[in-house]
Amino acid sequence: MGVGRRYDDRVLADRFRHEALGVVFQVREQRLTVLLWRRAEPPFADAWALPGGALDAGERLGASASRHLAAKVDIPQIAHLEQLETRSDPVRDPTERVLATAYLALVTPDARPRLPADTAWHAVDHLPPTAFDHGSIVGSARNRLRAKLSYTNIGFALAPEEFTISQLRDTYVAALGQQVSATNLQRILTRRGVIEPTKNISRPTSTGGRPATVYRFAARELVVTNPFAAFRPRATG
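My aim in this report is to walk through the structure given alongside it, one point at a time.

1. Details of the packing of helix α3 (residues 134–151) against helix α4 (residues 165–176)
α4 packs onto α3 with a crossing angle of 135 degrees between their chain directions and a minimal axis gap of 9 Å. Here α3 is positioned oblique relative to α4, judged by the angle of their axes. Where α3 abuts α4, its residues Arg-142, Leu-145, Arg-146 and Leu-149 lie against Tyr-172, Ala-174, Ala-175 and Leu-176. Looking at the contact of α3 with α4, its residues break down into six nonpolar, no polar and two charged.

Here is the structure:
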């Protein structure tokens with residue numbers, strides 16, 4: 001029975017291809033963007049797709065996602081990487097049964113990877129026609145990011161190493177897709193110990209104004225800062 005079950009598991013594993021996909025977000029020009037590449041061959045020729053590829057035998061999914069991202073683009077450093085979800089719709093690929101596990105990858109604004117000619121950043125709010133279910137996966141990734149901004153310090157992976165509150169507010173606005181009060185953002189993140197002031201101040205801009213305090217994230221790795229936020233019921237109208 002045990003030997004037969006192991007044999008059946010191997011048969012099932014060989015029946016379906018499994019791929020790892022990367023949803024790479026970066027805030028560029030105050031907009032949340034995602035990295036996509038244009039397919040040259042069917043299915044979905046000329047449509048845009050998430051970078052990724054097949055999972056090799058004996059390879060972990062996270063390692064596969066990182067390998068395909070490194071092969072596709074030269075990203076110096078991914079600030080945060082986490083497994084997002086697995087898609088298993090039998091007809092998500094019209095040619096064969098393919099399972100896909102997507103990873104959320106966040107890149108700070110100072111990273112400027114060299115992109116091949118078929119790859120570009122696209123605003124998440126205005127995606128081009130996408131292949132397979134990749135547009136829906138991008139939506140799931142943004143929802144994950146929005147949720148985690150409320151109860152973790154994940155903003156560190158989208159913000160520069162040092163910033164003013166105004167600059168951080170612009171990052172949160174881009175990621176959330178809605179307006180955020182700079183005063184409330186500073187109060188909440190300071191109270192939770194997410195950000196801390198540095199000894200630096202910003203230089204006045206050409207429009208004048210007083211120099212602003214420069215802040216940084218207290219930790220540049222994922223930390224849960226409000227464990228109860230994710231369990232709050234949604235407000236009703």
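2. Looking at the packing of α4 against helix α5 (residues 182–191)
Across the interface, α4 lies against α5 with an axial gap of 9 Å and an inter-helix angle of 95 degrees. When the axis of α4 is compared with that of α5, the two are roughly perpendicular. Two secondary-structure elements touch here, α4 through Ile-165, Leu-168, Arg-169 and Tyr-172 and α5 through Ala-182, Leu-185, Gln-186 and Leu-189. Across the contact of α4 with α5, the residue classes tally to six nonpolar, one polar and one charged.

3. Here we look at α4
Spanning twelve residues, α4 covers 16 Å between terminal C-alpha atoms, matching the ideal 16 Å at 1.5 Å per step. For α4, every residue scored as buried is listed here: Ile-165, Leu-168, Thr-171, Tyr-172, Val-173, Ala-174, Ala-175 and Leu-176. Residues of α4 that are buried in the fold lie against β1 (17–28), β2 (31–38), α3, α5, β8 (195–201) and β9 (213–217). Following α4 by one or two positions, Gly-177 has its phi on the positive side, about 75 degrees.

4. Here's the deal with the nonpolar core
Counting residues in each nonpolar core, the largest one holds 40 residues, and the members touching the most others are Val-23, Phe-25, Leu-145, Leu-168, Tyr-172, Ile-195 and Phe-217. Counting residues per element, this core draws most heavily on α4, which supplies seven residues. When near neighbours in sequence (up to four residues on either side) are disregarded, Leu-168 contacts Ala-159, Phe-163, Leu-185, Leu-189, Ile-195 and Phe-217. Judged by nonpolar contacts, the second largest core, of nine residues, contains Val-24, Val-73, Ile-75 and Ala-105.

5. Here's the deal with the pattern of salt bridges
Per the stated rule, a full pass over the model turns up 14 salt bridges. With a closest N to O distance of 3.7 Å, Glu-19 and Arg-17 form a salt bridge. The class of Arg-17 is partly exposed, set by a relative accessible area of 31%. Here the residues in one salt-bridge network are Arg-17, Glu-19, Glu-85, Arg-87, Arg-92, Glu-96 and Asp-133, joined through shared partners.

6. Section: the side chain of Glu-59
Considering the arrangement of structural elements, one finds Glu-59 in the loop between β4 (52–54) and α2 (61–72). Polar contacts involving the side chain of Glu-59 include one to the side chain of Ser-64, which spans 3.4 Å. A distance of 2.7 Å separates a polar atom in the side chain of Glu-59 from a polar atom in the side chain of Arg-67. Excluding anything up to four places from it in sequence, Glu-59 contacts Ala-54, Ser-64 and Arg-67.

7. Overview of α2
Spanning twelve residues, α2 covers 17 Å between terminal C-alpha atoms, matching the ideal 16 Å at 1.5 Å per step. All buried positions along α2 are accounted for by Ser-64, Ala-65, His-68 and Leu-69. The buried residues of α2 all sit within an arc of 130 degrees when viewed along its axis, so they share a single face. Exposed side of α2, more than 90 degrees from the buried face: Ala-70 and Ala-71 are the residues found there.

8. With respect to the packing of aromatic side chains
Following the criterion strictly, the structure yields two aromatic pairs and no others. We note Arg-97 situated over the ring of Phe-16; from NZ or CZ to the ring centre the distance is 4.5 Å.

9. Points about the pairing of β2
The sheet contact formed by β1 and β2 spans four bridges and is antiparallel. When the sheet's bridge partners are listed, Gln-26 is paired in β2 with Thr-33. Between the antiparallel neighbours β1 and β2 lie two residues, among them Glu-29 with a positive phi of about 55 degrees. Across five bridges, the pairing between β2 and strand β7 (residues 119–123) is antiparallel. For Trp-37, the partnering residue across the bridge sits in β7 and is Thr-119. With two bridges joining them, β2 and strand β3 (residues 48–49) adopt antiparallel strand pairing. The partner of Arg-38 across the bridge, within β3, is Trp-48.

Rules used throughout
Residues numbered from 1 in each chain as written. Predicted model: local features only at pLDDT ≥ 70, side-chain atom pairs only at ≥ 80, totals over all residues. Heavy atoms only, no water. Axes fitted to C-alpha atoms, helices over the stretch in contact; angles between N-to-C directions. Helix = DSSP H or I, 4+ residues; strand = E, 2+ residues; numbered from the N terminus. Parallel < 35°, antiparallel > 145°, perpendicular 65-115°, else oblique. Contact = heavy atoms within 4.5 Å. Nonpolar A, V, L, I, M, F, W, Y, C, P; charged D, E, K, R; others polar. Expected span 1.5 Å × (residues − 1). Buried < 20%, exposed > 50% of the residue type's maximum accessible area, 1.4 Å probe, protein only. Core = buried A, V, L, I, M, F, W, Y, C linked by side-chain atoms within 4.5 Å. Salt bridge = Lys/Arg side-chain N within 4 Å of Asp/Glu carboxyl O. Polar contact = N/O pair within 3.5 Å; in protein donor to acceptor, adjacent residues only side chain to side chain. Arc of directions from axis to C-beta. Phe/Tyr/Trp six-rings, centres within 6.5 Å; stacked < 30°, edge-to-face > 60°. Lys NZ or Arg CZ within 6 Å of the ring centre and 35° of its normal. Pairing = 2+ DSSP bridges.

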